[in-house]
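Letter by letter, the chains look like this.
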Amino acid sequence: MKVPLLDLKLQYLSHKKELDEALIRVAESQYFILGKEVEKLETSLKEYLGCKYAIGVSSGTDALLLALMALNIQPGDEVIVPTFSFFATAGVVSRLNAVPVFADIDPVTFNLDPNDIEKLITPKTKAIIPVHLYGQSAAMDEIMAIAKKHQLKVVEDGAQAIGVQYKNGKKVGTIGDIGCYSFFPSKNLGCFGDGGLVVTDDDELGEMLKIMRVHGGKPKYYHKVIGGNFRIDEIQAAVLNVKFPFLDAWSEKRRENAKLYTKFFIDAGLAEEEGKLIFDEKNKVLLPKAVYKNPNVKNYHIYNQYIIRVEKRDELRKYLGEKEIGTEIYYPVPFHRQECFANLNCNDADFPVSNKAASDTIALPIFPELTEAQLKFVVDSIAEFLKS
Ligand SMILES: *Cc1c(COP(=O)(O)O)cnc(C)c1O
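Residues numbered from 1 in each chain as written. Predicted model: local features only at pLDDT ≥ 70, side-chain atom pairs only at ≥ 80, totals over all residues. Heavy atoms only, no water.

Colleague: When you look at the packing of aromatic side chains in this model, what are you seeing that I'm missing?
Modeller: For any pair of aromatic rings, the description consists of the separation of the ring centres together with the inter-plane angle of the planes. This model, assessed by the stated rule, comprises 18 aromatic pairs. Relative to Phe192, the ring of Tyr12 has its centre 6.2 Å away and its plane inclined at 75°; by these criteria the two rings are edge-to-face. Of this pair, Tyr12 sits in helix α1 (residues 8–14) while Phe192 sits in the loop between β6 (178–182) and β7 (196–200); the two residues are 180 residues apart in sequence, bridging distant segments of the chain. On the basis of relative accessibility, which here comes to 25%, the residue Tyr12 falls in the partly exposed class. With centroids separated by 5.2 Å and ring planes inclined at 85°, the aromatic side chains of Tyr48 and Phe244 adopt a geometry described as edge-to-face. Of the two residues, Tyr48 is situated in helix α3 (residues 36–49) and Phe244 in the loop between α8 (234–243) and α9 (247–267); the sequence distance between them amounts to 196 residues. Ring-pair connections join several aromatic residues into one group, and the members of that group are Phe84, Phe86, Phe110, Tyr134, Tyr330 and Tyr331. Its end group placed over the ring of Tyr48, Lys171 keeps NZ or CZ at 3.7 Å from the ring centre. When the ring centre of Tyr300 is taken as reference, the NZ or CZ atom of Arg255 above it lies at 5.6 Å. (Phe/Tyr/Trp six-rings, centres within 6.5 Å; stacked < 30°, edge-to-face > 60°. Helix = DSSP H or I, 4+ residues; strand = E, 2+ residues; numbered from the N terminus. Buried < 20%, exposed > 50% of the residue type's maximum accessible area, 1.4 Å probe, protein only. Lys NZ or Arg CZ within 6 Å of the ring centre and 35° of its normal.)

Take a look at the structure:
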């Protein structure tokens, strides 16, 4: 049985008519830049996320870059980021000639460990970028308290977490100073290419983000600040306007798939309860845990990725590949081990949790359209591997 890591065709086919119509609508209008579709998308998302400004941009990476530019991050400024994330989280800091300062992660959530932040703060520290990795919130209360104490800005990397709610119900991305999201095709809300969003509740930052999205000109051709071309296309916004109403249902389906995985793994005797870390037990699977799960919050986790931990991860991946089961490693090399950051002279021993995660995590198929039989086949195949 074939189980791809992600099959976007299934989602496309179930909304083909509306999506095709949206594309044709933009083609017939021949209006491509910052028009009605972008305006509609921004209005929908502002309401959905519960924030004052929602500004469509060219990608999740550009959302982060623009956020740091709007906060006036300067060469030599330090920005604390988790060492375990997608490259963009750290890359944008270096692109401004600022310095990414790496922190270790929590072993259960894979998110920035708040206990690792304060010792990294220096007089040059300007901001923290918590990442809501795999689709669950970072420890925002703790992070915001540290930021407040040291007067640091917080830019949330919610690229994998649009719609995710923190334990108090607030949507992630709207807790810090600026929130960033990605509409890359593999995210829970994906467009037909690249796209992203920045959000804020701050009037001054909101205006600055809007101006900097169009080169910093206001009025047009008069520049007090330097921005860039950070616009989202009308075509992408039109696609997202069709898909957005289904976002919560798709995320719910991912949660249901995660529940089935948990059940199948435990039934097969391969796992203990979710989030239990027993690294010395061979032939066991460590299941992901939604730490902020509570009865009042629906989107406590949106499972953009479903990540298990196993010994012999690489052999397992090869075995599953032979059975046509798609998997991926998010991420095999933490930032402190990347060649491009060698000049930062990081000490590898400072990041034990991230180093371990890089060696034993593996992403399993979790997208909404998967069948129960496919999920069962994935677990059965892992059982075969571990018991052989
Ligand atoms: C996808 C992703 C980004 C970048 O988004 P793009 O739209 O691909 O530029 C940034 N951070 C994280 C954590 C991501 O997963």
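Colleague: For this particular structure, what's the right way to read the nonpolar core?
Modeller: The nonpolar side chains of a soluble globular protein tend to be buried, and buried together. If you look at the biggest cluster of nonpolar residues, it comprises 35 residues, and the most contacted ones within it are Ile178 and Val198. Those elements that place two or more of their residues in this core are β1 (53–57), α4 (60–70), β2 (78–82), α5 (88–95), β6 and α7 (203–213). Among the elements that make up this core, the one with the highest residue count is α4 (eight residues). Both domains that meet at this core, namely domain 1 (8–103 + 110–245) and domain 2 (247–387), each give it at least three residues. Apart from residues lying up to four places away in sequence, Ile178 is in contact with Ala67, Ala70, Leu71, Val154, Val155, Glu156, Gly173, Val198, Val199, Thr200, Leu205 and Leu209. Of all hydrophobic cores here, the second largest spans 33 residues; its members include Val3, Ala258, Leu316 and Ala383. (Core = buried A, V, L, I, M, F, W, Y, C linked by side-chain atoms within 4.5 Å. Domains from an automatic or database assignment. Contact = heavy atoms within 4.5 Å.)

Colleague: Explain α8 here, please?
Modeller: Side chains three or four residues apart in an α-helix point the same way, a direct result of the helix having 3.6 residues per turn. Where burial is concerned, most of α8 is hidden: nine out of the ten residues are buried. Along α8, the residues that are buried comprise Glu234, Gln236, Ala237, Ala238, Val239, Leu240, Asn241, Val242 and Lys243. Of the surrounding secondary structure, the elements contacted by the buried residues of α8 are α1, α2 (16–29), α3 and α9.

Colleague: How should I be thinking about the site of the ligand in this particular structure?
Modeller: Around the ligand, the structure places 16 residues, and the nearest of them are Gly60, Thr61, Asp157, Ser182 and Lys187. Between the ligand and Gly60, the relevant distance is 2.8 Å, taken from an oxygen atom to a main-chain nitrogen or oxygen of the residue. Between Lys187 and the ligand, the recorded distance is 2.6 Å, taken from a side-chain N or O atom to an oxygen atom. When the ligand is considered free in solution it has 380 Å² of accessible area, and contact with the protein chains removes 94% of it. Broken down by secondary-structure element, the contributors of at least two residues to the shell around the ligand are α4 and α5. (Near = heavy atom within 4 Å. Polar contact = N/O pair within 3.5 Å; in protein donor to acceptor, adjacent residues only side chain to side chain. Areas by Shrake-Rupley, 256 points an atom, 1.4 Å probe, with all protein chains shown as cover.)

Colleague: Can you help me understand the pattern of salt bridges in this one?
Modeller: Where side chains of opposite charge bring their charged atoms close, a pairing between them can arise. Under the counting rule described, the total for this entry stands at 22 salt bridges. One salt bridge in this structure joins Glu21 and Lys17, with 3.2 Å as the shortest N-O distance. Placement of the pair is Glu21 and Lys17 together in helix α2, with a separation of four residues, close to one helical turn. Among the residues examined, Glu21 registers a relative accessible area of 41% and is labelled partly exposed. Residue classification places Lys17 among the exposed residues on the basis of a relative accessible area of 60%. (Salt bridge = Lys/Arg side-chain N within 4 Å of Asp/Glu carboxyl O.)

Bear in mind that shape data such as this cannot, by itself, settle questions of function.
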